[in-house]
Amino acid sequence: MTMITSVSAPGRPLPRNRIARRGHFRGRRLCVALALVCLAVAPGELGRLTRELVEDAYFQVSVFVAATLFLFYGSERLFRFNIGQTLQNSRGWQVPLAALLGATPGCGGAVVVVAAYTGGKVGFGAVVATLTATMGDAAFLLIATRPDAAAVVLPTSFAVGIVSGWLVDRLNRTEFRNVSASTREAVPRIGRIRVRDCAYALVAAPGLIIGGAQLGQVEITDVLGVPALWLALVGSFLGLAIWATSPLQAMTNHRDSPATRMAEETSFISVYVLGAYLAYDYLVVFAGFDLEAWFTAVAPLLPLIAIVVGFIPGCGPQVLVTTLYINGAVPFAALMGNTISNDGDALLPAIALTPRAAVIATAYSAIPALLVAYGFHFLAPGFLN
């Protein structure tokens, strides 16, 4: 059996109990991946709906996560710096930089900060700042359709993220991560770039074109003769294979190639995103659950409902709230509350690696979300509606 070596101790094999644990979660991942593939190829309404959701999840989320992660990690490699180390050395600028990464459209910046936190490089205030500031992939949709609203939402969430992070660093004295464990169990290095990494990038590149076109309300049904659905299925199934056979829990080693880090981390996030898409739409279609019905409540409750929706991990429900705002179904105050309370896809690796920190950070973000949302609701009820 090939031994995976630790970064902190080159050449030293992992203990047998850690190898056994990795084999155990690989087995569970393989079962999940096979179940998702079976759902996608199933006959009838179940298979058709699943394939549509796989396509939506891939073009609405996965390709953008891949692009932003490759941008961040490629910049690290090109300019020879480590974002996590830079954040660690930033001292008083750590929270503003974390908020800036979170405010970047997509979830890549926030994912980087979460990875830095689990590695002991940034404080909890930086996590709160980046999760509060991020709008996730819904930012792409808002920029493409309502740039006037985006010009207010993104800077406001950025500022709120900074203030929230500073307050948390000043007031919070609890350590939510197991620093000693993270120090002992350094992230394994995969090593050279693999064929699967290149293949994932090659499929994601045209997928990004389709995803970008969809954000601009332009329908592209194929790329170079390849149907969009098939492109999404190939990209998603390849991601499932990477995730199911990965030696990593969630985050990658900073010394691996940008393509490897992009493929590994995007695959991890995409599985959770796809799970969220399937769970929601299965409830809607087969159980009659309708999230949009929540927004038929009286006007004063709309910001609160949008904030609660923001607690749901992933970007799917947040994209829905943004869509409802664009169509005039919810006011700007609700969009603002959802933007601050939602943590996008960055919450998924946080839940996997430091679940307690993820829950507390999400709870903390509810306070500024309520203040800002109801501030707009009462002081500027018709603003940007």
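Let me sum up the structure you'll find in this document. (Residues numbered from 1 in each chain as written. Predicted model: local features only at pLDDT ≥ 70, side-chain atom pairs only at ≥ 80, totals over all residues. Heavy atoms only, no water.)

1. Describing the pattern of salt bridges
Inference 1: In the structure shown here, the tally under the stated rule is 6 salt bridges.
Inference 2: The salt bridge involving E45 is made with R48; its shortest N-O contact spans 2.5 Å. Separated by 3 residues within a single helix, E45 and R48 lie in helix α2 (residues 44-79), roughly one turn from each other.
Inference 3: Overall, R48 belongs to the partly exposed group, its relative accessible area being 33%.
Inference 4: Between E76 and R261 there is a salt bridge whose closest N-O contact spans 3.0 Å. Separated by 185 residues along the polypeptide, E76 in helix α2 and R261 in helix α12 (residues 258-287) bring together distant segments of the chain.
Inference 5: By relative accessible area, which is 7% here, E76 ends up buried. (Salt bridge = Lys/Arg side-chain N within 4 Å of Asp/Glu carboxyl O. Helix = DSSP H or I, 4+ residues; strand = E, 2+ residues; numbered from the N terminus. Buried < 20%, exposed > 50% of the residue type's maximum accessible area, 1.4 Å probe, protein only.)

2. As for the nonpolar core
Inference 1: L87, V111, Y117, F124, I269 and V273 are the most contacted members of the largest nonpolar core, which has 52 residues in total.
Inference 2: For this core, the leading source of residues is α2, giving 9 residues.
Inference 3: Look past the residues within four positions of L87 in its chain and what remains in contact with it is Q94, L97, A98, L101, V113, A116, K121 and V122.
Inference 4: Core analysis: the next-biggest nonpolar cluster, separate from the first, contains 49 residues, F59, L141, M262 and I305 among them. (Core = buried A, V, L, I, M, F, W, Y, C linked by side-chain atoms within 4.5 Å. Contact = heavy atoms within 4.5 Å.)

3. Thoughts on the packing of aromatic side chains
Inference 1: Within this structure, the stated rule accounts for 9 aromatic pairs.
Inference 2: Between Y58 and F59, the ring centres sit 5.5 Å apart and the planes meet at 70°, which makes this aromatic pair edge-to-face. Accessibility classification places Y58 together with F59 in one group, the buried group.
Inference 3: A ring pair is formed by F376 and F383, whose centres lie 5.7 Å apart and whose planes are at 25°; its orientation type is stacked.
Inference 4: Residue F383 is classed as partly exposed on the basis of its relative accessible area, which comes to 33%. (Phe/Tyr/Trp six-rings, centres within 6.5 Å; stacked < 30°, edge-to-face > 60°.)

4. So, empty space enclosed by the protein
Inference 1: Evaluation of the coordinates by the stated rule reveals 2 cavities of 30 Å³ or more.
Inference 2: Lining the largest cavity are 13 residues, and of these S62, S236, S270, V271 and L274 lie nearest its centre.
Inference 3: When contributions to the lining of the largest cavity are tallied by element, the ones reaching two or more residues are α2, α11 (228-244) and α12.
Inference 4: Each residue belonging to the lining of the largest cavity can be placed in one class, and the counts come to 7 nonpolar, 6 polar and no charged. (1 Å grid on protein atoms, 1.4 Å probe; cavity = no way out; pocket = protein on both sides within 12 Å on 5 of 7 lines; lining within 4 Å. Points joined across faces, edges and corners; volume = space filled by probe spheres on them. Nonpolar A, V, L, I, M, F, W, Y, C, P; charged D, E, K, R; others polar.)

5. Here we look at the packing of α2 against helix α5 (residues 108-118)
Inference 1: Here α2 crosses α5 at 60°, and the two axes come no closer than 8 Å. The orientation of α2 with respect to α5, classified from their angle, is oblique. Within the contact between the two elements, α2 uses T68, L69, F72 and Y73 and α5 uses G108, G109, V111 and V112.
Inference 2: Considering only residue class, the contact of α2 with α5 consists of 5 nonpolar, 3 polar and no charged. (Axes fitted to C-alpha atoms, helices over the stretch in contact; angles between N-to-C directions. Parallel < 35°, antiparallel > 145°, perpendicular 65-115°, else oblique.)

6. Notes on the packing of helix α6 (residues 124-133) against helix α8 (residues 147-171)
Inference 1: Across the interface, α6 lies against α8 with an axial gap of 7 Å and an inter-helix angle of 160°. In terms of orientation, α6 and α8 fall into the roughly antiparallel class. Both α6 and α8 take part in a crossing whose hand is right-handed. Judged by residue contacts, F124, G125, V128, A129, T132 and A133 of α6 engage S157, F158, V160, G161, S164, G165, V168 and D169 from α8.
Inference 2: Its residues placed into classes, the contact of α6 with α8 shows 7 nonpolar, 6 polar and 1 charged. (Left-handed = near helix turned anticlockwise from the far one by under 90°.)

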